[in-house]
Structures are given as C-alpha cells and as structure tokens.
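Working through the structure, step by step
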Amino acid sequence: MKKLDTLSIGLMLFSMFFGAGNLIFPPFLGAESGTSYWLAMSGFIITGVGLPFVVLFAVSLVKGGVQTIGNRVHPVFSTVFMVIIYLCIGPFLAIPRNATVAYEMSITPFLSESWRNSSLSLVLYTVIFFSLVYAISLNPSKMEKYMGRWITPILLLSMVILCAVGFVKLDAPLQSPAEAYQTGAFFKGFIEGYNTMDALASLAFGIVILTSIQQRGVRDSKKLTEYTLKAGMIAGGLLALVYVSLGFIGGKMAANGSFENGADILSSASTLLLGQSGTALLGFIFTLACFTTVVGLTTACGQYFSNLIPKASYKSVVFAVTLAGFTLSNLGLNQILKVSVPFLVTAYPLTIVLITLTFFNRFFKNSKKVYRSAMLFTGVFAMIGGLNAFALDFGPLQTIRDILPLSSVGLEWIVPALVGTGIGIVLSKFSKKQDVPEQVDVKVS
C-alpha cells in the first residue's frame, strides 16, 4: 500500500473521530484548569487520544475484531455490549449530538430572534444535513475520497487559521484553576476525555479502517495491523495537536469572563479575533467536523447491523440510522447531553478493562473466568457511578464505592477491576479443565 493511501486513511480516521465533543471540551478544560492546564490536558489526551489508539490497535490484533474480544466474556455479552455501544455512538446519542451542535454553531448565530425560537429552522437544517449523510454513507468505498482527500484537509486548514490567529492575538496569562481543577487536575482531565466518546467510537471504526486497508489488496494480518497503527498514529497526532491548541485558546480566553461551555468560548474567541468572519469560520469548522463524524458513525452502524442481522441490508440500516438521528436531533441538545454523562461513566470502564485484558491475554491463556470476573466487578461499580449521575443512591454498595481508592476522582472502578481479575486468575488455576475456546481466534498472541 502506498504512503499516500496510508495518509489518506489516517486523515479519514481523524475526520471520523473529530466531531462535536472534540471541539467543545478542550477549550472549556483550558479555561477551567488555568495554571494546571498541562496536567489536565495530559489526562485528557490519555483518554481522548491514547485510549482510542489502543482500542484500534487491539481490534486489529484479533481476528473477528471486537465481537471476538467480547466473546471471551460470553457471546451474549459480546452482542449486547456491542449493540448498546453502536446505538449510543450512533443514532441514540453521538449522531444527534453532532447534528444539533452543528446547527447551534453554524446556523443559530445568523438567525433572527423569531427563527431562533422556532423549531422549524432546526427541522429544515437536519433534513438537509441527514440527506447528505445518507447519500455519502451509501457509498462507503468512496468515503475515503470525500473525507480523507477533500473534507479533512479543508477542515484542518480552517482550524489552523483560527488557532494561529488565537496564538498571535490572545496574550492574557492563564488564570487560577477553577475549584474542580485545584486538586487532581490530571484525573479530572482524564475523566473529561471520556466526553469525546472516541474510545467507544474506535470499537466501531476499527472495521471501517480495516475494510479500507483490505480494499487496497492487503490481506496479511501483520500488514493489516501495521497499516492500522500508522493510520492511527496520523489521526492521533492530529487530534492531540488540535486539543492542545483549542485548550490553549480556552485558557487565554478565561480572562475575558465566565463561559457556560466550550462552544461559548469558541464563539466568543472567533468573534473577538475575526469579527463576523470568525463566527462564519467557526460555524464552517463545526459543520465539517460534525458532518464527517456522523458519516463515519452511520457507515460503521450500517456495516455492523447488516452483518448482525442478515435480513437487513446495508442500505436499509443506513436509512434507519439517519432517520433515527434526524428524529432525535430535533429533541434539542440539552436533552441529548443529559443522557451522555451517565452512559459514558458506565461504558468507559468496561471498555478500558476489556481492551486491557486483550493485551495480557496470553498470560492467563484466554481464560473466560478471568474476563468474566473482571467485567463483573468492574461493571457493578461502573454502573453505580453512571447511575449516580442521575442522583441515585445504592445504600451499602454506595458506601463501599465511596471509600474505594480514587473514588474522589471518578476512578473507583480500578480496584474492583484488579480484584476481579485476580479472582479470575485464581479460579482459572484451580479449574480442572483449561478454560480455552475451541477455536484460536488471536492473530498475534
């Protein structure tokens, strides 16, 4: 495969990752963390860039991808877990979030007061938005051409213009950290990285990237992993650079007042730096970023569900996903965001533990007891953490959760995960018969 092809796939992967959350959260982190910026951003990059890269790597190592990894716990768990992931990073959460944010940033600033208060403008916008998403998603083989060679370079150029002007014109010193970042800034940034949803998206995007590479005639498993890693490094490097730049702008803008969120910061910064042209440029950036992510997620959902349900064609799944995304987008951004935090707090620990076990698989000989025990202990406390976001209390379990190490920074699941893994290893050692699947599905042990 040519170097240009690898670059193109890497740029396509970047554009698939880079959506609404990737734009909104870094500048807000920069503004809130202040002088603790580099600590907070380091944590953010670990979960916002490093973890998605590791997930992509793990998926490329195992024949059958995420489905096979999930099967090590149980086939039912694998299917249920992946269906929930695809629905949430797809039509039920990430897709409508991206579409709504694109509307809020690109159209709302130019509407009159009467149109802003009318739901008709959002309906018209999402009709056009999802019609284009549907059209491009029907041809996944051409997606790389549209996104990797055309849309992504334009998106990056727009980002360079905005950030370059910000670096030159914003000279205010970093402010004192907000209360949340005064202690444990690194861990706070680590948790904030969940909001990008990119680690979960990697579970879905892995199949899209591997398919793109295979279409170049690459069939050897080691070569597939090699090219996946190269594409991932290109995408990850660009993401990290963009996060640091946006966070820097947020940190410098903090001296200009208080802001509700990252979108508010970027809106104020673009207007301050470039006037009305800056508002238009920012809207253009959000539209491209959100559009490419929605196309990537729609394509991934189409490929997964059409394989999972033989009677469902790829075209029909894509239509269903775009229709659901269109419908939920018109509920409004606030309703969508209310659901996202509890889900992410629950899903991320499970994903991190599952992928981590994949890399240490050979040390416990693929024992299902290890996978099941680790996921059980992790899942209990991850679910408690997620439901806590809905202000639910779990009595004795809540008390245990609150006294666990790192509970104050939202990482209380780490110790249960280690305990569950240890118990699984002990159980597998005492098992009369080695708990290994009948078929060896690992390409690289």
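Rules of the game
Residues numbered from 1 in each chain as written. Predicted model: local features only at pLDDT ≥ 70, side-chain atom pairs only at ≥ 80, totals over all residues. Heavy atoms only, no water. Helix = DSSP H or I, 4+ residues; strand = E, 2+ residues; numbered from the N terminus. Buried < 20%, exposed > 50% of the residue type's maximum accessible area, 1.4 Å probe, protein only. Lys, Arg positive; Asp, Glu negative; His and termini not counted. Charge placed at Lys NZ, Arg CZ, Asp CG, Glu CD. Core = buried A, V, L, I, M, F, W, Y, C linked by side-chain atoms within 4.5 Å. Contact = heavy atoms within 4.5 Å. Salt bridge = Lys/Arg side-chain N within 4 Å of Asp/Glu carboxyl O. Phe/Tyr/Trp six-rings, centres within 6.5 Å; stacked < 30°, edge-to-face > 60°. Expected span 1.5 Å × (residues − 1). pLDDT = per-residue confidence, 0-100. Disulfide = S-S within 2.5 Å. Axes fitted to C-alpha atoms, helices over the stretch in contact; angles between N-to-C directions. Parallel < 35°, antiparallel > 145°, perpendicular 65-115°, else oblique. Nonpolar A, V, L, I, M, F, W, Y, C, P; charged D, E, K, R; others polar. Patch = residues over 30% accessible without salt bridge, like charges linked within 9 Å, V, L, I, M, F, W, Y side chains within 5 Å. Areas by Shrake-Rupley, 256 points an atom, 1.4 Å probe, with all protein chains shown as cover.

Looking now at the overall build of the protein chain. When helices and strands are tallied, the protein chain shows 18 helices and 0 strands. Classification of the 445 residues of the protein chain by burial places 54% in the buried group. The distance from the centre of the 30 positive side-chain charges to the centre of the 19 negative ones in the protein chain is 15 Å.

Formed by 128 residues in total, the largest nonpolar core has its most connected members in Phe-18, Phe-129, Met-159, Phe-286 and Phe-343. No other element matches the 20 residues that helix H13 (residues 262-308) contributes to this core. Among all residues touching Phe-286, those that are not within four sequence positions of it are Leu-23, Ile-24, Val-101, Ala-102, Met-105 and Leu-266.

Before going further, it helps to spend a moment on the side chain of Ser-36. Take Ser-36: it is sitting in the loop between helix H2 (20-33) and helix H3 (37-61). With relative accessibility at 16%, the residue Ser-36 sits in the buried group. The residues touching Ser-36, leaving out its near neighbours within four places in the chain, are Pro-177, Tyr-181 and Ala-185.

Tallied over the entire structure, the rule returns 4 salt bridges. Measuring nitrogen to oxygen at the nearest pair gives 3.4 Å for the salt bridge that ties Asp-5 to Arg-216. Placement of Asp-5 in helix H1 (residues 3-17) and of Arg-216 in the loop between helix H11 (198-214) and helix H12 (221-253) is noted, with a sequence separation of 211 residues between them. In this structure, Lys-188 and Glu-192 form a salt bridge, with 3.5 Å as the shortest nitrogen-oxygen distance. On the criterion of helical spacing, the pair formed by Lys-188 and Glu-192 is a turn pair, its members being 4 residues apart in helix H10 (residues 185-192). Linked by salt bridges that have partners in common, Lys-223, Glu-226 and Lys-230 make up one network.

Taken as a whole and assessed by the stated rule, the structure comprises 19 aromatic pairs. Note on Phe-14 and Phe-18: the rings are 5.2 Å apart at their centroids and 15° apart in plane angle, and the pair reads as stacked. As far as burial versus exposure is concerned, Phe-14 and Phe-18 are alike and both buried. Taking 6.0 Å as the distance between ring centres and 70° as the angle between the ring planes, the aromatic pair formed by Tyr-86 and Phe-305 counts as edge-to-face.

Helix length check: H2, at 14 residues, gives a terminal C-alpha distance of 21 Å against a target of 20 Å (1.5 Å per residue), a fit within 8%. Counting buried positions along H2 yields 12 of 14 residues, so the element is predominantly enclosed. For H2, the full list of buried residues reads Ala-20, Gly-21, Asn-22, Leu-23, Ile-24, Phe-25, Pro-26, Pro-27, Leu-29, Gly-30, Ala-31 and Ser-33. One or two steps after H2, the chain reaches Gly-34, where phi turns positive at roughly 55°.

Here Leu-281 lies in helix H13. Classification of Leu-281 as buried rests on a relative accessible area of 16%. Once residues lying within four places of it in the same chain are set aside, the contact partners of Leu-281 are Ser-158, Ile-161, Leu-162 and Leu-274.

On to the confidence of the model for the protein chain, then. Here the protein chain shows a mean pLDDT of 84. Residues at 70 or above account for 91%. Within the protein chain, the element-level pLDDT minimum falls on helix H17 (residues 396-403), averaging 77, and the maximum on helix H14 (residues 314-329), averaging 93.

Next up on the list: the state of the cysteines. For the structure shown, the criterion picks out 0 disulfides. Residue Cys-88 stays outside any disulfide, its sulfur separated by 10 Å from that of Cys-301, the closest cysteine. Unpaired in terms of disulfides, Cys-163 finds its nearest cysteine sulfur in Cys-290, a separation of 16 Å.

Let us look at the packing of helix H16 (residues 368-388) against H17. It is the contact of H16 with H17, at a shortest axis distance of 11 Å, that shows an interaxial angle of 100°. Between H16 and H17, the interaxial angle falls into the category roughly perpendicular. For the pair H16 and H17, the contacting residues are Phe-381, Ile-384 and Asn-388 in the first and Leu-397, Gln-398, Ile-400 and Arg-401 in the second. A per-class count over the contact of H16 with H17 returns 4 nonpolar, 2 polar and 1 charged.

With that settled, consider a nonpolar patch on the surface. Among the surface-exposed residues, Leu-376, Val-380, Leu-397 and Ile-400 lie close enough to one another that they form a single nonpolar patch of about 320 Å² accessible area. Those elements giving two or more residues to the nonpolar patch turn out to be H16 and H17. Within the secondary structure layout, Ile-400 lies in helix H17. Residue classification places Ile-400 among the partly exposed positions, given a relative accessible area of 40%.

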